[in-house]
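Below are the chains, spelled out letter by letter.
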Amino acid sequence: MMETPYTLHKFCLRSPTSSLPPTIISALFHPSMIPLLPTPLPLATPVIANPSFEIKHTPHKAFAMYATRDIPEGGLIHIEHPVFIVPNKPLPRDHAGYDQVGSQLPKHAFEEMMTMANCRSKQDCPSPVEGIARTNALMIELNFPPEMDASAKNYGAAFLILNRANHSCGPNAAIKWNLPTLTASMYALRPILAGEEITKTYIDPSLPRSERIAHLQENYGFTCDCQWCNLPTSSSLDSDATRAALRIRLLTHPSYPKWSTDLARADDVVLNSHFDALQLIEQEGMHGLQGIYLEEIALCYAILGDEDRFRMWAERLVRRCKVEDSKLANVFESYLGDVRRFKRWAWRRVQRKQMQGKKARALPPPEDLFSPFLLEAQA
Ligand SMILES: [Zn+2]
């Protein structure tokens, strides 16, 4: 008998091609969660034909994901339904629900799931399904209403393919959850070369190296060997400082909205600061932070009315955020169709011209200052 309000659910997503079996998602849900799920359930998302990656078994990392061809910045790598969704907090130790979650899966999915990493001991997690969940599950956003019971809000989902991607403190890929389709999409945070390992981050990469290593060891049972964790001590301290500065910079960088209407500030003050941020992001491999800077650089060029540079950065932004933020990509695609759709196109240039005109009128030559005709004209 269940000792918590969490109950077992089995979702069958019909395949768009009737010849294929349905995709099964097994879940332990709090009852308040059920109305938040899409109704009717979405169809199963077809797998991408000719994928750009392969999963390989490697001697030192078990499974790993590798690019089989070059993948552009922002490019979709894989899209997948979770195999199971469970509460993100440990349930009572003798909770039978985890094993039931496994037993609902088709045989091939269950067997594949059981090959996933499990860094929890039997004492810590008696059910291997729980161990696999605690090692692999990705937090998913479900747009919970604020009044909802806090204990029912946190869920983790496990994926048979996406969870094969290993960790890096400078990941080249990230994952976006989409509730209406019950899928997660992996996309490239920067261009990935054929043969390169595809990585995501399991932790906050802006933490100092010692904290990242301790966190990964404690929660995932491995020592990170990424290039940033392998830096010599002096460079590692620099890297820690840069990462901390990048985190702070997200909140303290020169304000684009203020600059955009403040003609007293230099035209390039936001641009220079953002170019500097992008360079530090590149150095630390923290490409997940790029979005806001790319967007604001494109906006700066729009306000300055520099169409060539606007197009260059807006096109990059659209590529980069196609999966991560499709609404934003659509907005900038519309501006690229016709830059005049951007309401304040060249605003700073236009304002400067108008001000110059006003100045000329406001400050006539000294010999005219007492001219009655001028006063009349100005009145
Ligand atoms: Zn690392």
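Relevant structure appears above.
For clarity, every value in this text was computed on a predicted model and none was experimentally measured.

Asker: Is there a simple way to think about the coordination of the zinc ion in this case?
Answerer: Four donors placed tetrahedrally about a metal ideally form angles of 109.5 degrees, and six donors placed octahedrally ideally form angles of 90 or 180 degrees. Coordination of the zinc ion by the protein is provided by C169 (SG), C224 (SG), C226 (SG) and C229 (SG), with metal-donor distances spanning 2.3 Å. Coordination at the zinc ion is tetrahedral: its four donor atoms span angles of 104 to 114° at the metal. Donor residues binding the zinc ion come from one chain and are separated in sequence as C-x54-C-x1-C-x2-C. With C169 in the loop between strand 9 (166-167) and strand 10 (173-178) and C226 in the loop between helix 4 (209-220) and helix 5 (233-252), this pair connects stretches of sequence that are 57 residues apart. C226 shares its class with C169; the two are buried.

Asker: What is the right way to read the side chain of N136 from this model?
Answerer: On the secondary structure map, N136 appears in helix 3 (residues 128-136). Within the structure, the side chain of N136 is placed 2.8 Å from the backbone oxygen of A117, a separation counted as a polar contact. Discounting residues that sit within four places of it in the chain, N136 has contacts with M116, A117, A157 and N163.

Asker: Could you clarify how one ought to interpret the packing of aromatic side chains in this entry?
Answerer: Describing an aromatic ring pair means giving the distance of the ring centres and the angle of the ring planes. Under the counting rule described, the total for this entry stands at eleven aromatic pairs. A ring pair is formed by Y256 and W259, whose centres lie 6.1 Å apart and whose planes are at 40°; its orientation type is tilted. A residue pair is termed a helical-turn pair when its members lie 3 or 4 positions apart in one helix, as Y256 and W259 do in helix 6 (residues 256-261) at three residues. For Y256, a relative accessible area of 8% gives the class buried. The exposure class assigned to W259 is buried, which follows from its relative accessible area of 0%. Judged by centre distance (5.4 Å) and plane angle (75°), the ring pair of F332 and Y335 falls under edge-to-face.

What counts and how
Position numbers for residues count from 1 along each chain, tracking the sequence in the order it is written. With pLDDT at 70 or above as the cut-off, local features in this predicted model cover only qualifying residues; side-chain atom pairs require 80 or more to be listed or tallied, and sums for whole chains, interfaces and linings still use all residues. Heavy atoms from the whole structure form the basis of all side-chain values; hydrogens and water molecules are not counted. Water is not part of the atom set, so a site may look incomplete; the donors themselves are N, O and S atoms within 2.8 Å of the metal, or 3.2 Å for Na, K and Ca. Under the classification used here, a metal with four donors is tetrahedral if each angle lies between 85 and 135 degrees, square planar if opposite donors are over 155 degrees apart and the others between 65 and 115, a six-donor metal meeting that same test is octahedral, and anything else is irregular. Secondary structure elements are defined from DSSP: runs of H or I of at least 4 residues count as helices, runs of E of at least 2 residues count as strands, and each element is numbered from the N terminus. Per-residue accessibility, obtained with a 1.4 Å probe over protein chains only, is compared with the maximum for each type, and a residue is labelled buried under 20%, exposed over 50%, and partly exposed between these values. Counted as a polar contact is a pair of N or O atoms within 3.5 Å, where, for protein atoms, one must be capable of donating a hydrogen and the other of accepting one, and residues adjacent in sequence contribute only when both atoms are in side chains. Residue contacts are defined here by distance: any two heavy atoms, one from each residue, within 4.5 Å place the two residues in contact. Ring geometry is summarised as follows: Phe, Tyr and Trp rings, the Trp one being its six-membered ring, pair when their centres sit within 6.5 Å, and such pairs are stacked at plane angles under 30 degrees, edge-to-face over 60 and tilted between the two.

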